[in-house]
Amino acid sequence: MYQTLAVLVVIATTNWRILIVFPFLFIICYVLFTYTVSSYKDCNRIESITKSPLLNYLGESLSGASTIRAFQKDGDFITKNYELLNRNLLATQVQIGCWCWYGIRMDLVSIALMACATVLCVWFKDTEDTVLLAMVF
């Protein structure tokens with residue numbers, strides 16, 4: 001938090017025009033965050049729903065392992081376990097993909113901020129102190 005405030009103070013003292021872009025970027029970040037959090041909650045719910053049958057099946061199989069072996073249903077157990085595990089892994093991958101999507105969007109917002117800062121620093125290099133402009137980067 002303090003580092004963010006320090007960066008904002010340095011930017012405000014070097015080239016205040018960059019601060020014009022910040023409200024728009026904050027709005028974009030807020031919208032992306034709220035969208036991602038709601039999506040992540042849904043992905044987490046789906047992952048929990050797919051994990052429950054897997055754990056239940058595993059528990060039942062462990063308690064009835066002697067019966068499974070007695071009737072030679074090892075292959076059926078393995079096939080069903082793989083099916084439930086694949087569903088759970090797919091839900092987990094979607095959950096991870098949700099955060100990766102958010103990370104990529106935040107990287108794009110950071111790139112947009114750096115591009116605006118670079119353009120404004122180059123435009124106003126004659127009117128501002130070059131040492132302070134160098135501190136922005």
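In what follows, the structure referred to is the one given above.
Thresholds, definitions, all that
Residue numbers restart at each chain and count upward from 1, following the sequence in its written direction. Whole-chain, interface and lining totals are the exception, using all residues; otherwise, since this is a predicted model, local features are given only for residues with pLDDT of at least 70 and side-chain atom pairs are given and counted only at 80 or more. Side-chain metrics in this entry use all non-hydrogen atoms of the structure; hydrogen atoms and water are not considered. Per the convention used, a helix needs a DSSP run of H or I reaching at least four residues, while a strand needs a run of E reaching at least two, with both numbered from the N terminus. What a helix is expected to span follows from its residue count: subtract one and scale by 1.5 Å. Under the scheme applied here, a residue whose accessible area is under 20% of the maximum for its type counts as buried, over 50% as exposed, and between as partly exposed, the area being computed with a 1.4 Å probe on protein chains only. Here, two residues are considered to be in contact whenever any of their heavy atoms come within 4.5 Å of each other. Salt bridges are defined as contacts in which a side-chain nitrogen from Lys or Arg sits within 4 Å of a carboxyl oxygen from Asp or Glu. Any pair of N or O atoms that falls within 3.5 Å is considered a polar contact. Within protein, one atom must be able to donate a hydrogen and the other to accept it, and sequence-neighbouring residues count only if both atoms are side-chain atoms. Each axis is a line fitted through C-alpha atoms, taken for helices only over the stretch in contact, and angles between the N-to-C directions span 0 to 180 degrees. In these notes the angle categories are as follows: under 35 degrees is roughly parallel, over 145 is roughly antiparallel, 65 to 115 is roughly perpendicular, and the rest is oblique. Under the convention adopted here, Pro, Cys and the residues Ala, Val, Leu, Ile, Met, Phe, Trp and Tyr are nonpolar, Asp, Glu, Lys and Arg are charged, and Gly plus all remaining residues are polar. Within the patch definition used here, like charges are joined within 9 Å and nonpolar side chains (Val, Leu, Ile, Met, Phe, Trp, Tyr) within 5 Å, considering only residues with over 30% relative accessible area and no salt bridge. What sets the accessible areas is the Shrake-Rupley method with a 1.4 Å probe; for residues, cover comes only from the shown protein chains. Stacked, edge-to-face and tilted labels apply to pairs of Phe, Tyr and Trp rings (six-membered ring for Trp) whose centres lie within 6.5 Å, assigned for plane angles under 30 degrees, over 60, and everything in between, in that order.

Q: Is there a simple way to think about helix 2 (residues 22-63) in this case?
A: Side chains three or four residues apart in an α-helix point the same way, a direct result of the helix having 3.6 residues per turn. The terminal C-alpha atoms of helix 2, which comprises 42 residues, lie 59 Å apart, in line with the 62 Å expected from a rise of 1.5 Å per residue. Of the positions making up helix 2, those classed as buried are Phe22, Leu25, Leu32, Thr36, Cys43, Glu47, Thr50, Leu54, Tyr57 and Ser61. On the buried face of helix 2, the contacting elements are helix 1 (2-14), helix 3 (65-70) and helix 4 (74-123).

Q: Before we go on, may I ask you to explain helix 4 in this structure?
A: Over its 50 residues, helix 4 extends 72 Å from the first C-alpha to the last, a length consistent with the 74 Å expected when each residue adds 1.5 Å. Those residues of helix 4 that fall on the buried side of the exposure criterion are Asn81, Leu84, Asn88, Ala91, Gln95, Cys98, Tyr102, Met106, Val109, Ala117, Leu120 and Cys121.

Q: Explain the pattern of salt bridges to me, please; I cannot follow it from the model alone.
A: As a working rule, side chains carrying opposite charge can pair if their charged atoms are close by. Evaluation of the coordinates by the stated rule reveals two salt bridges. Here Glu47 makes a salt bridge to Lys51, at a shortest N to O gap of 3.5 Å. In this pair, Glu47 and Lys51 are both assigned in helix 2, four residues apart and thus about one turn of the helix distant. What makes Lys51 partly exposed here is its relative accessible area of 36%.

Q: Would you explain the side chain of Thr50 in this entry?
A: With respect to the helices and strands, the residue Thr50 is situated in helix 2. On the accessibility criterion, Thr50 (18% relative accessible area) is buried. Within the structure, Thr50 has its side chain in polar contact with the side chain of Asn88 (distance 3.1 Å). If sequence neighbours within four positions are ignored, Thr50 has contacts with Arg87, Asn88 and Ala91.

Q: Whenever I open this one, the packing of helix 2 against helix 4 confuses me. Can you help?
A: Each pair of packed helices gets described by two things: the angle between the helix axes and the distance between those axes. The geometry of helix 2 relative to helix 4 is characterised by a closest axis approach of 9 Å and an angle of 170° between their N-to-C directions. What the angle tells us is that helix 2 and helix 4 run roughly antiparallel. Its residues assigned to classes, the contact of helix 2 with helix 4 shows 26 nonpolar, nine polar and six charged.

Q: Would you mind showing me how to read a nonpolar patch on the surface here?
A: On the surface, Trp16, Leu19, Ile20 and Phe24 cluster together into a nonpolar patch covering about 430 Å² of accessible area. Here Trp16 is to be found in the loop between helix 1 and helix 2.

Q: Help me understand the packing of aromatic side chains in this model?
A: Geometrically, a pair of aromatic rings is defined through the distance of the ring centres and the angle of the planes. Tallied over the full model, the rule gives six aromatic pairs. Centroid distance Tyr57 to Phe77: 5.7 Å. Interplanar angle 20°. Geometry classified as stacked. Residue Tyr57 is found in helix 2, and its partner Phe77 is found in helix 4; the two are separated by 20 residues along the sequence. Centroid distance Trp99 to Tyr102: 5.4 Å. Interplanar angle 80°. Geometry classified as edge-to-face.

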